[in-house]
Amino acid sequence: PIQVELRGLTPDMVLQPEGAQRILRDVDDLSALHNVSYHLLAGSVSPHKKFLTVGLASVRRPRGYYLPATLQSLFKQSTEEELQEMVVVVHLADADPIWNVRVATNIAHKFAHHILLGRLLLIHAPHEFYPTLEGLKRNYNDPEERVRFRSKQNVDYAFLLAFAANLSSYYLMIEDDVWCAKSFLTAIRKALASHEGSYWATLEFSKLGYIGKLYRSSDLPRLARFLLLFYQEMPCDWLLVHFRLLLTQKDVIRFKPSLFQHMGLYSSFQGTVNRLEDDEFQADALDLPDNPPAAFFTSMSVFENYEPLKAYSTAEGYFWGKDPAAGSVFSIVFQQPARVTHVRVRTGSDERRGDFLHAGVLELGRRRRAGSWDCSAYTTVGTFEKGTFEQRGLERGMPGPVECVRIRVTQDQSEWLIIQSIDIWTTAGT
């Protein structure tokens, strides 16, 4: 395989497009993965292809052990129907075979029911199949130990992806220290339906590292080879960004709220404290918003590319408007009238704490004006408190379907306005 120098790249820098097809061709030619003999430590592969494989790799941590709690969350937060469509694959990838067998025995005992039903597989790729982990390039001035850890992690994932390639239609990557939202599988199915017919390489259900990344299983052999080809160059989450870009998905497609939350306090690398949390995690995935198709209008000047759509869609980012004054509006105009039951709006951000809506109301509109971004009749349903609005049961106060949802500023403010997210729930009926 060709060697490509990636020294000095950061995750937002892209491998040059003219080299992309050549790199992917080299990736397809990489044969190391074809000869791996896996040890199946527990479980049996189902003869039936499932909807979703959930894959995670686990090694011995100097402090903390979260794997049983992660598996418990995966199974507990899923219904019986969802479990029938899912298989969980754990790559026990520690260099110590005694640790791997001990953990496999412990997990097989705790989750015997799921093992017997073919819902849980524990595998191990023997270390004789690994490329060298000595004398690796120290990109980014990382210490030698750190480079070895992250390079091995890339290979751990490569072998896991290669094993999982034919088990299901889709593959979800998580870590061994996460909580899952209730019915995350149903939420993922809903997200896939919303993107039917559109091109994507990666869908994201968490904003942390490589937690909650969804791939088509048909892309897994290529992704596995890609991680193996560049295993010593950079951390796995950076390589995943490059893979997405090489497959020509320019923008991040991340669904909110997040379906997975980091639970571990200690990193698997040297046991350092790692307090990462996803502030957009929601524990009940069945309560996800509908956000019907809509057009947007605002009377505020938009800062750079922080356009209104970003507050409402799965696109990464938020809306950022300049100089909000009394009477400034942000309007959502539905393509079809809808019975709105519940609205939640969050404004401001951790980085710009002052840029929230200091005083404002939320209004629901009817009788849309022809050829206009507006409705002719609005009902005020509530006010913003500390930059946030949330109200349920809205259908009870409206005589019929809603065509517009409007945020109206009620007093001048010197700070600009960030609208982080707008979530709208609807019910069937007219």
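Here the structure is shown first, and the text comes after it.
The model shown is predicted, which means the values in this text are computed figures rather than measured ones.

### Concerning the nonpolar core
Core analysis: the largest hydrophobic core is formed by 44 residues, its most contacted members being Leu 71, Leu 120 and Phe 184. When residues in this core are grouped by element, the largest group, six residues, is from helix 7 (residues 184-194). Core analysis: the second largest hydrophobic core is formed by 42 residues, Ala 158, Phe 159, Met 173 and Leu 246 among them.

### Focus on the side chain of Thr 70
Within the element layout of this structure, Thr 70 appears in helix 2 (residues 67-76). Residue classification places Thr 70 among the buried residues on the basis of a relative accessible area of 0%. In terms of polar contacts, Thr 70 uses its side chain to reach the backbone amide nitrogen of Asp 177, at 3.3 Å.

### Quick word on the packing of helix 8 (residues 220-229) against helix 9 (residues 236-246)
The contact between helix 8 and helix 9 brings their axes to 10 Å, and the two run at 130°. With respect to each other, helix 8 and helix 9 are oriented oblique. Remark: the crossing between helix 8 and helix 9 carries right-handed chirality. From helix 8, Arg 222, Leu 223, Phe 226 and Leu 227 reach across to helix 9, where they touch Cys 236, Leu 239, Leu 240, His 242, Phe 243 and Leu 246.

### Describing the environment of Leu 192
Following the sequence through the fold, Leu 192 ends up in helix 7. Spatially, the C-alpha atom of Leu 192 lies 9.9 Å from that of Leu 214, the residues being 22 residues apart in sequence. Those residues in contact with Leu 192 that sit more than four places away from it in its chain are Phe 51, Tyr 170, Trp 200, Leu 203 and Leu 214.

### Focus on the sheet that holds strand 1 (residues 39-42)
If you trace the seven strands from one edge of the open sheet to the other, you get 1-4-3-2-5-8-7, paired in mixed fashion. The strands lining the two open edges of the sheet, one partner per strand, are strand 1 and strand 7 (203-204). In this sheet, strand 4 (residues 120-124) lies alongside strand 3 (residues 86-92) in parallel orientation, the contact comprising four bridges. By the bridge assignment for strand 4, Val 90 is matched with Leu 122. On top of the sheet, helix 2 reaches strand 2 (50-58), strand 3 and strand 4; it is set at about 170° to strand 3, its chief contact.

What counts and what doesn't
Residues numbered from 1 in each chain as written. Predicted model: local features only at pLDDT ≥ 70, side-chain atom pairs only at ≥ 80, totals over all residues. Heavy atoms only, no water. Core = buried A, V, L, I, M, F, W, Y, C linked by side-chain atoms within 4.5 Å. Buried < 20%, exposed > 50% of the residue type's maximum accessible area, 1.4 Å probe, protein only. Helix = DSSP H or I, 4+ residues; strand = E, 2+ residues; numbered from the N terminus. Polar contact = N/O pair within 3.5 Å; in protein donor to acceptor, adjacent residues only side chain to side chain. Axes fitted to C-alpha atoms, helices over the stretch in contact; angles between N-to-C directions. Parallel < 35°, antiparallel > 145°, perpendicular 65-115°, else oblique. Left-handed = near helix turned anticlockwise from the far one by under 90°. Contact = heavy atoms within 4.5 Å. Pairing = 2+ DSSP bridges.

Purely geometric numbers; function is a separate question.
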